[in-house]
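A look at the structure
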Amino acid sequence: MVTLSSALQTDLSQPLRIGNLAVNSRVLQSPLSGVTDLVFRRLVRRYAPDSMMYTEMVSASELHHMRQLPKLMEIDPHERPISIQLFDCRPDFLAEAAQKAVAEGADTIDINMGCPVNKITKKGGGSSLLRQPELAEEIVRSVVAAVDVPVTVKTRIGWSEQDINAIEFAQRMEAAGAKMLTLHGRTRSQGYNGAADWNWIAKVKAVLSIPVIANGDIVSVESALRCLEVTGADGVMCSRGTLGYPFLVGEIDYFLKTGARLPAPSPVDRLQCAREHLVMLWDYKGDRGIRQARKHMAWYAKDFPGAAELRNQLTLIESVDQGVELLDGAIDRLVAVESNQSLN
Ligand SMILES: Cc1cc2nc3c(=O)[nH]c(=O)nc-3n(C[C@H](O)[C@H](O)[C@H](O)COP(=O)(O)O)c2cc1C
């Protein structure tokens, strides 16, 4: 069992200070395109009431040409603290988008400088800004000047293994006015493969005054503690570990605050959560919500007898009723197995 050294524990018991914003949790839910919509965030928030959440990334150029705010930027007035994440390479469009995001209720503006996807980097956004640090700096300055909420940056350790510039880049972001830096310990070339290198996060943390949040491979209480030990970071951000598992941020947060573990959700708990997720997506997005729900449902259906078959069926659902029927059937079967086991 890994525990935190007492020196670190003292530090982490204090609120996370992002500029003038105090957040009572050191565990953050990352922005995940196609995942962290208002519905998903509502589920995460239930278990992690104090944690910072992020919208999916929003293109500032597209926003510039839109008459209405996209659903991506919709915030529930009760969900705080919340950050709207923007991406682009145009400082003026980003400043304008940030103002719209603040009007919508964002507590911070996060700028994506880590996305590795070609479609984004070819247009100069996401991780391609790692190769244009002057422009990245100009972007931060421009957004900082446009809004009165803290501006933060999420990035990677470098473009490629031969081109790791995390330290210099992070210092530039801080000098430009960023109030927090989230560092994903992979390069752009790695995509989502290989292990995140937390040592680079430690090196960056050592030279910055603003909070540094460690990201990459945080999938459990144990990995969060190990990462905090290795990096000395001010907090951790959970990403793929939350897919089909909106309990993760809350589990880590609870452990950091109390030193105790929440009971792990049973397969029935997880499928009941999946059912709720599906119904909420349907209510919020209609048919588009059902199409999006397929992948979520597949992520929930794992680690119990019959999970593979259920997963295959859930990836094909055409309606909310069909999904609910499949999930209810699976829940009934699991409950029957559990009660048989307790009788024997
Ligand atoms: C499906 C998916 C969507 C993502 N969307 C975003 C995004 O919109 N903005 C962002 O900054 N990072 C995005 N990321 C990157 C994650 O936030 C995170 O940095 C990365 O997955 C590393 O953490 P992990 O190893 O714990 O998954 C996305 C990752 C995945 C897998």
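Each chain has its residues counted from 1, following the order in which its sequence is written. Residue-level local features of this predicted model are given only where pLDDT is at least 70; pairs of side-chain atoms are given and counted only at 80 or more, and the full residue set underlies all totals for whole chains, interfaces and linings. Working from all heavy atoms in the structure, the side-chain values ignore hydrogens and water.

A few points about the domain arrangement of the protein
For every domain, the bounds stem from an assignment made automatically or drawn from a database. Here the protein is described as being made up of domain 1 (6-258) and domain 2 (267-343). Computed from C-alpha atoms alone, the centre-to-centre distance between domain 1 and domain 2 is 30 Å. Any pair of residues with heavy atoms lying within 4.5 Å of one another is described as a contacting pair. Listed by partner, the interface residues are 16 residues for domain 1 and 15 residues for domain 2. Across the domain 1 to domain 2 interface the summed buried area is about 1,400 Å²; carbon plus sulfur atoms make up 66%. The term buried area refers to how much accessible surface (probe radius 1.4 Å) is lost by two components on association, counted for both of them together.

Observations concerning the site of the ligand
Every one of the 17 residues lining the ligand counts as a neighbour, but Ser33, Gln85, Lys154, Asn215 and Arg240 are closest to it. In this structure, Ser30 approaches the ligand through a side-chain N or O atom, which is 3.2 Å from an oxygen atom. A 3.5 Å cut-off defines polar contacts: any pair of N or O atoms within that distance qualifies, except that in protein one atom must be a possible hydrogen donor and the other a possible acceptor, and neighbouring residues in sequence count only when both atoms are side-chain atoms. Between Pro31 and the ligand, the recorded distance is 3.0 Å, taken from a backbone N or O atom to an oxygen atom. Taken by itself the ligand offers 620 Å² of open surface, and the protein chains cover 88% of this. Judged by the fraction of its atoms near the pocket grid, the ligand is located in the largest pocket. Any residue with a heavy atom lying within 4 Å of a molecule or strand is counted as near it. All accessibility values rest on the Shrake-Rupley procedure with a 1.4 Å probe; residue burial counts only the protein chains present in the view. Using a grid of 1 Å spacing that covers the protein atoms alone, one calls a set of points a cavity when a 1.4 Å probe fits there but cannot get out, and a pocket when the set is open and has protein on both sides within 12 Å along at least five of seven lines; lining residues are those with an atom within 4 Å of a point. Assignment to a cavity or pocket requires that more than half of a molecule's atoms be within 2 Å of the site's grid points.

A word on the environment of Glu74
Helix numbers and strand numbers start at the N terminus; a helix is a DSSP run of H or I with at least 4 residues, a strand a run of E with at least 2. As for its position among the elements, Glu74 is in the loop between helix H3 (60-64) and strand S6 (82-87). C-alpha of Glu74 to C-alpha of Leu326: the two residues are 252 residues apart in sequence and 30 Å apart in space. Beyond its immediate stretch of four places on either side in the chain, Glu74 contacts Leu38, Arg41, Glu79, Glu104 and Tyr284.

Remarks on helix H7 (residues 166-176)
Listed in full, the buried residues belonging to H7 are Ala166, Phe169, Ala170, Met173 and Ala176. Each buried residue of H7 lies within a common arc of 125 degrees when the element is viewed along its axis, so the set occupies one face. Those residues of H7 hidden inside the fold are in contact with strand S7 (108-113), helix H6 (133-146), strand S8 (151-158), strand S9 (180-187) and helix H8 (198-207). In the segment just after H7, Gly177 is the residue with positive phi, at about 115 degrees. Buried residues are those whose accessible area, probed at 1.4 Å on protein chains only, stays under 20% of the maximum for their type, while exposed residues exceed 50% and partly exposed ones sit between those limits. It is the directions from the helix axis to the C-beta atoms whose arc is reported.

Details of the packing of helix H11 (residues 267-285) against helix H12 (residues 287-300)
Direction vectors running N to C along H11 and H12 enclose 165 degrees, while the axes themselves pass 8 Å from each other. In terms of orientation, H11 lies roughly antiparallel with respect to H12. The way H11 lies across H12 gives a crossing that is right-handed. Here Arg270, Cys273, Ala274, His277, Leu278, Leu281, Trp282 and Lys285 of H11 come into contact with H12, specifically with Asp287, Arg288, Gly289, Ile290, Gln292, Ala293, His296, Met297 and Tyr300. In the scheme used here, Gly and all other residues not listed as nonpolar or charged are polar, with Ala, Val, Leu, Ile, Met, Phe, Trp, Tyr, Cys and Pro taken as nonpolar and Asp, Glu, Lys and Arg as charged. Looking at the contact of H11 with H12 residue by residue, the classes come out as 9 nonpolar, 4 polar and 4 charged. Here the axes come from fitting lines to C-alpha atoms, over the contacting stretch only for helices, and the angles between their N-to-C directions go from 0 to 180 degrees. Between 65 and 115 degrees an angle is taken as roughly perpendicular, under 35 as roughly parallel, over 145 as roughly antiparallel, and anywhere else as oblique. Put simply, a crossing is left-handed when the front helix is turned counterclockwise from the back one by less than a right angle, and right-handed when it is turned clockwise.

Description of the environment of Gly34
Within the secondary structure, Gly34 is located in the loop between strand S3 (27-29) and helix H2 (38-47). Note: C-alpha distance between Gly34 and Glu56 (22 residues apart in sequence) is 6.9 Å. If near-sequence neighbours (up to four positions away) are discounted, Gly34 is found in contact with Glu56, Lys295 and His296.

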